[in-house]
Amino acid sequence: MNITRRHLLLLFPAAAMSWESLQAGAPEQAPNYQMYKHWWGMLLDISKCIGCGNCVRACAAENNVPEGYFRTWVERYRVRDEDMPYPQVDSPDGGMHGFPALPAEPGVKEFFVPKMCNHCADSPCTQVCPVGATFITPDGVVLVDKEYCLGCRYCVQACPYGCRFFNPSTRTADKCTLCYHRITKGLTTACCEACPTGARQLADLKNPNDPIHAFMRTHSVQVLKPYLATGAKDFYYDLDGAVR
Amino acid sequence: MTMPAVQGYMYPNERELAWSILIVIYPYITGLVAGAFILASLERVFHVEAVKPTYRLALLTALAFLLVAPLPLQLHLGHPERSIEMYLTPHRTSAMAMFGFVYLWYLMAVLVLEIWLDFRADIVRAALAERGWRRWFYRVLTLGSYNISPRALAIDERAGYIVTVVGIPSALLLHGYVGFIFGSVKANPWWSSPLMPVVFIFSAMVSGIAAVLLIYMFTSWRRRCPIDMRCLDSIARYLLYTFLIDFSLEMLDLVHRIYEADESFRSLDFMLHTKLYLSQVVIQIYIGTLVPLALLALTQIVSLGVRHRKRIYALAASLALVGIFAMRWNVVIGGQLFSKSFLGYTTYKIGFVTREGLLPAIVLMLLPIPILWVLVKLLPPWPADTAAGASAAS
């Protein structure tokens, strides 16, 4: 059959329409993400955290976290001024539903501390994994390969921050992924997105334009348990000495 | 889900213990292996003739326990079917991954080889004398070598000596490494200590020597053979010496912690007075260490009759085994009862008929005994017997 100009004119719109429908079923296209250009961390501003638990709920919903376990949680500290080394801490349901108000006491300060994986640059959990199922990505995120993890739980023991748990449904180690499926598409993490006060800020330490650099230059920031030299990348502003 | 009772504040993922009783019995069993082997090597390398009657029995005991050692780990894993990956794609910075190779080296290059060399003449004789399936079994065990000429046996002896010489550091490595798996966890102050591997080695020797002593007494009684008291006295003496070193090291660790009193001290001190008081202070230190030490010391100071010595040795060895088990419990379970925030404590609730419950733990602890029974039937370790002779008698 000879294809004439008339046939072509009819075929083009049909081809364009079918191409469109093919495209509709394709997965969302990731931007040109290059791992080596990023080094992820988090900025947590304790002075801004109100203990609403939005982050914990958002994380659980986004990542299908099993009940009773936490990829992120919020702690409430009550520190008596003369007894700083022994604060009173609680985190009912990981702070998921907020905190019941307690009567204000003289000489007691109260504040909230959001906690999550520190995505340590020299992470003890990665070091101890017997098969390398836990690894750090070139962009600085500590992840677990669920298809490879033996479920020995050595990493759970090795994490100084209590950020890992044994997922009873996958029977593997589980932890915060820093919403890797989101941040590699240019989005922020579920917890950061849900935070109403901006107490959590995803930070790209390799990006010179990231506001974290200006913030760290002008504020005192601290990591948890710095003496363990894990290279923690959760940077806390306004961190009290009582926080463990 | 039901969460265990918590006192104070635990990080929310810490409330449930990651390592169960199965991880308690794993270092316990590995320790028995290392200790039994080191006792056996006394005869061969250091020429302690007195312990010769237990030499082969100690080797078979070590094998029986070593075969069981990986089972609690397998049962504990979330995905035991993937455990082969530890050998295929080991992560070189992981103490646990490297332990797999230490275990395999010790099993195949040391223990099985040494047992084969030592029993080879018996195996060949049995292969020639036996009938039926036993004949085939022993024929396979000969690996095709029927030469038991004096020259061949002399070569076996020489090779066995070399294997034992290599075996002693291997046995120390095996159990020292188990100690390192705990001692290298910087997140946990209850574990993190350079003394941990050394304490594990000496406690392993205590438990291994005590186990061989008891098995030797039991098998002699069952076979209605007189116990070689020179042998028993020597083993008991070695038990006393290693126990003294072990106890000194553990007390050194404790005194060091108390004196330094770092940030974890308040937590650990609290546990020692509450949650671990029974298992650590009462069972491990008093009943499991001081009482057997006093009993063993008594036999050195006072001249006692044979009957009394036997009873004291049996009691001291049994208590030592209880004490070392308590030590493993206090390390593994104790190390998980407090929060890494040092602000709270959890409880360990053990199931019974669950995957990591008490029943599988008891079964796994008892499993080496039937295995040892089978090994002793197949390869009689008694000096006067041979495999053929024993089966002919039965």
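As a reminder, the structure under discussion sits directly above these lines.
Please read all numbers here as calculations on a predicted model, not as lab measurements.

How should the pairing of strand β2 (residues 72-80) of chain A be read in this particular structure?
In the case of a regular strand, side chains alternate between the two sheet surfaces. Residues and elements named next belong to chain A. Within β2, seven of the nine residues are buried, leaving the element largely enclosed by the surrounding structure. Pairing between β2 and strand β4 (residues 108-116): nine bridges, direction antiparallel. Pairing of R76 across the sheet is with F112, part of β4.

What exactly am I supposed to notice about the sheet that holds strand β3 (residues 88-90) of chain A here?
Either a parallel or an antiparallel arrangement is found when strands of a sheet pair, and the pairing is made through backbone hydrogen bonds. Residues and elements named next belong to chain A. Reading across the sheet, the three strands line up as β3-β2-β4 and stay open at both edges, with antiparallel pairing between neighbours. Only two strands of the sheet have a single partner each, and these edge strands are β3 and β4. Taken pair by pair, the neighbouring strands of this sheet meet at an average axis angle of 20°, ignoring direction. Relative to β2, helix α2 (residues 54-63) is tilted by about 160°, and along the sheet it contacts β2 and β4.

For this particular structure, what's the right way to read the nonpolar core?
Buried together is how nonpolar side chains tend to be arranged in soluble globular proteins. Residues and elements named next belong to chain B. V212 and L239 are the most contacted members of the largest nonpolar core, which totals 174 residues. Ranked by residue count, the leading element in this core is helix α1 (residues 21-46), at 17 residues. With sequence-adjacent residues up to four places away left out, L239 is seen in contact with V206, I209, A210, L213, L296, A317 and A320.

Looking at this structure, I do not really get the sheet that holds strand β11 (residues 234-237) of chain A. What am I missing?
All names here are of chain A. On the basis of which strands lie adjacent, the open sheet formed by four strands has the order β9-β1-β11-β10 and mixed pairing. Lying at the two open borders of the sheet, with one neighbouring strand each, are β9 (200-204) and β10 (221-222). Sheet topology note: the strand β1 (residues 40-45)/β9 ladder contains five bridges and is antiparallel. Residue pairing for β9: L44 is matched across the bridge by R200.

Conventions and cut-offs
- Residues numbered from 1 in each chain as written.
- Chains lettered and ligands numbered in written order.
- Predicted model: local features only at pLDDT ≥ 70, side-chain atom pairs only at ≥ 80, totals over all residues.
- Buried ≥ 20, exposed ≤ 12 C-beta atoms within 10 Å, placed from the backbone.
- Helix = DSSP H or I, 4+ residues; strand = E, 2+ residues; numbered from the N terminus.
- Pairing = 2+ DSSP bridges.
- Axes fitted to C-alpha atoms, helices over the stretch in contact; angles between N-to-C directions.
- Contact = placed C-beta atoms within 7 Å.
- Core = buried A, V, L, I, M, F, W, Y, C linked by C-beta atoms within 7 Å.

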